[in-house]
Amino acid sequence: MDRLDLRSRDELLVAAGLSVIGADPGWLDPERAWQTVVRAGTQPDVVIDDSRDGYLDEVNMAWLHLAQSVGVISSDRTFFVSVAGPGAFALPWALVRLQDGPRMAQHLVIYPGEPEFVTIGTETQGLCGVTTEEDGIWLLSAS
């Protein structure tokens, strides 16, 4: 994967079924949000078996449920997202609006089939991250 810049990141987000509204510093530094998700000892809220057919659709549904439960998705369907990849920490949060049928797990990846992204709320301090681990796809939250 090439180094991420705003344009390439926004193209990934649009392909994932999100409307990009702009870039924003958010209430939490993206690097600190990633550290919250990947720190040693963190336990996932949900683990999706990545050996099953349709697991990426399952990740999308599980992320949506978890993100709604911790307040990541605002009343107008907006939230902040950071995608993984070279240069990602240097970018501000992308402010996006959720569209019907998002395919975030299919497009917000470093390697095909391995989703990696973190989302935070615009109206709350909810956080929901998705990482690919040895034993499946982990979904983690904090509020």
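Above this text you will find the structure in question.
What counts as what
- Residues numbered from 1 in each chain as written.
- Predicted model: local features only at pLDDT ≥ 70, side-chain atom pairs only at ≥ 80, totals over all residues.
- Heavy atoms only, no water.
- Buried < 20%, exposed > 50% of the residue type's maximum accessible area, 1.4 Å probe, protein only.
- Helix = DSSP H or I, 4+ residues; strand = E, 2+ residues; numbered from the N terminus.
- Pairing = 2+ DSSP bridges.
- Polar contact = N/O pair within 3.5 Å; in protein donor to acceptor, adjacent residues only side chain to side chain.

A. Quick look at the pairing of strand β4 (residues 93-98). For β4, the tally of buried residues reaches five of six residues, placing the bulk of the element in the interior. The pairing of strand β3 (residues 78-83) with β4 spans four bridges and is classified as antiparallel. Its bridge partner being in β4, phenylalanine 80 is matched across the sheet by leucine 95.

B. Inspection of the environment of aspartate 49 at higher detail. Examined against the element boundaries, aspartate 49 turns out to sit in the loop between β2 (46-48) and α3 (55-69). We classify aspartate 49 as partly exposed; its relative accessible area is 31%. It is 28 Å that separates the C-alpha atoms of aspartate 49 and glutamine 125, two residues lying 76 residues apart in sequence. Looking at aspartate 49, its side chain comes within polar contact range of the side chain of serine 51, at 2.6 Å.

C. Local environment of the pairing of strand β7 (residues 117-120). Because side chains alternate across β7, one face comprises the buried residues Phe117 and Thr119, and the other comprises Val118 and Ile120, equally buried. As judged from the four bridges shared by β3 and β7, these two strands associate in the antiparallel manner. Within β7, the residue paired with phenylalanine 80 across the bridge is isoleucine 120. As judged from the four bridges shared by β7 and strand β8 (residues 127-133), these two strands associate in the antiparallel manner.

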